[in-house]
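Summary of the model geometry
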Amino acid sequence: MQAILQQFGPMIVIFAIFYFLIIRPQQKRDKERRNMLSSLQVGDDIVTTGGIYGRILNMKEDIITVDVGDKIKIKVTRSAIGNIIKKADESE
């Protein structure tokens, strides 16, 4: 029994370190991103993953229409939203 622990003990420790330093934080970031994408609303100021700033005009399923200025509208997928700059319900 002790020989098995000596043989597999270091692998178990390495797995635990990987779990707490790599896997768990990544799962937390993924959950935060899913929550951010599900909370998108018309009127939110956003930035896309490509660096385009704009305001959400319309949302249909996975397609979001974004006003990027001077009557220019682009359509992006929901997953292309990188961050919410300002929520629609926040005061100016």
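Attention in this report is confined to the structure presented alongside it. Here the structure is a predicted model, which means the values were calculated and not measured.

Quick notes on the overall build of the protein chain
Counting its regular elements, the protein chain contains one helix and five strands. Each helix and strand of the protein chain, placed in order from N terminus to C terminus, yields the pattern α-β-β-β-β-β. The globule rule puts the C-alpha radius of gyration for 92 residues at 12 Å, and the 21 Å found for the protein chain is more than 25% above it. Counting across all 92 residues of the protein chain, residues that qualify as buried make up 21%. Pairs at least 24 residues apart make up 42% of the contacts formed inside the protein chain by residues separated by at least 6 positions. Seen as two clouds, the 14 positive and the 11 negative side-chain charges of the protein chain have centres 5 Å apart.

Focus: the side chain of Lys87
Mapped onto the elements of the fold, Lys87 is located in the segment after strand 5 (81-86). Judged by relative accessible area, Lys87 falls into the buried class, the value being 19%. A distance of 2.7 Å separates a polar side-chain atom of Lys87 from the backbone oxygen of Ser39. Side-chain polar atoms of Lys87 contact the side chain of Asp44, separated by 3.3 Å. With sequence-adjacent residues up to four places away left out, Lys87 is seen in contact with Ser39, Leu40, Gln41 and Asp44.

Considering the sheet that holds strand 1 (residues 45-48)
Strand order in the open sheet formed by five strands is 4-3-2-1-5, with antiparallel pairing between adjacent strands. The open sheet terminates on both sides in strands that have one partner only, identified here as strand 4 (72-77) and strand 5. Averaged over all pairs of adjacent strands, the angle between strand axes in this sheet comes to 45 degrees, irrespective of strand direction. Pairing of strand 1 with strand 5 involves four bridges; the strand directions are antiparallel.

Thoughts on the pairing of strand 3 (residues 63-69)
For strand 2 (residues 53-60) and strand 3, the ladder comprises five bridges, and the chain directions are antiparallel. Bridging from a neighbouring strand, Lys60 pairs with Ile63 of strand 3. In this structure, the hairpin formed by strand 2 and strand 3 is closed by a connection of two residues, where Glu61 is found at a positive phi of approximately 50 degrees. Note: strand 3 against strand 4, six bridges, orientation antiparallel. Paired with Ile63 across the bridge in strand 4 is Thr77. Between strand 3 and the antiparallel strand that follows it, strand 4, lie two residues; Asp70 among them carries a positive phi value of about 45 degrees.

Things to note about a nonpolar patch on the surface
On the surface, Val13, Ile14, Phe15, Ile17, Phe18, Leu21, Ile22 and Ile23 cluster together to form a nonpolar patch covering roughly 780 Å² of accessible area. Tracing the backbone shows Ile22 in helix 1 (residues 2-38).

Calculation rules
Residues numbered from 1 in each chain as written. Predicted model: local features only at pLDDT ≥ 70, side-chain atom pairs only at ≥ 80, totals over all residues. Heavy atoms only, no water. Helix = DSSP H or I, 4+ residues; strand = E, 2+ residues; numbered from the N terminus. Rg over C-alpha atoms; globule rule 2.2 N^0.38 Å. Buried < 20%, exposed > 50% of the residue type's maximum accessible area, 1.4 Å probe, protein only. Contact = heavy atoms within 4.5 Å. Lys, Arg positive; Asp, Glu negative; His and termini not counted. Charge placed at Lys NZ, Arg CZ, Asp CG, Glu CD. Polar contact = N/O pair within 3.5 Å; in protein donor to acceptor, adjacent residues only side chain to side chain. Pairing = 2+ DSSP bridges. Axes fitted to C-alpha atoms, helices over the stretch in contact; angles between N-to-C directions. Patch = residues over 30% accessible without salt bridge, like charges linked within 9 Å, V, L, I, M, F, W, Y side chains within 5 Å. Areas by Shrake-Rupley, 256 points an atom, 1.4 Å probe, with all protein chains shown as cover. Salt bridge = Lys/Arg side-chain N within 4 Å of Asp/Glu carboxyl O.

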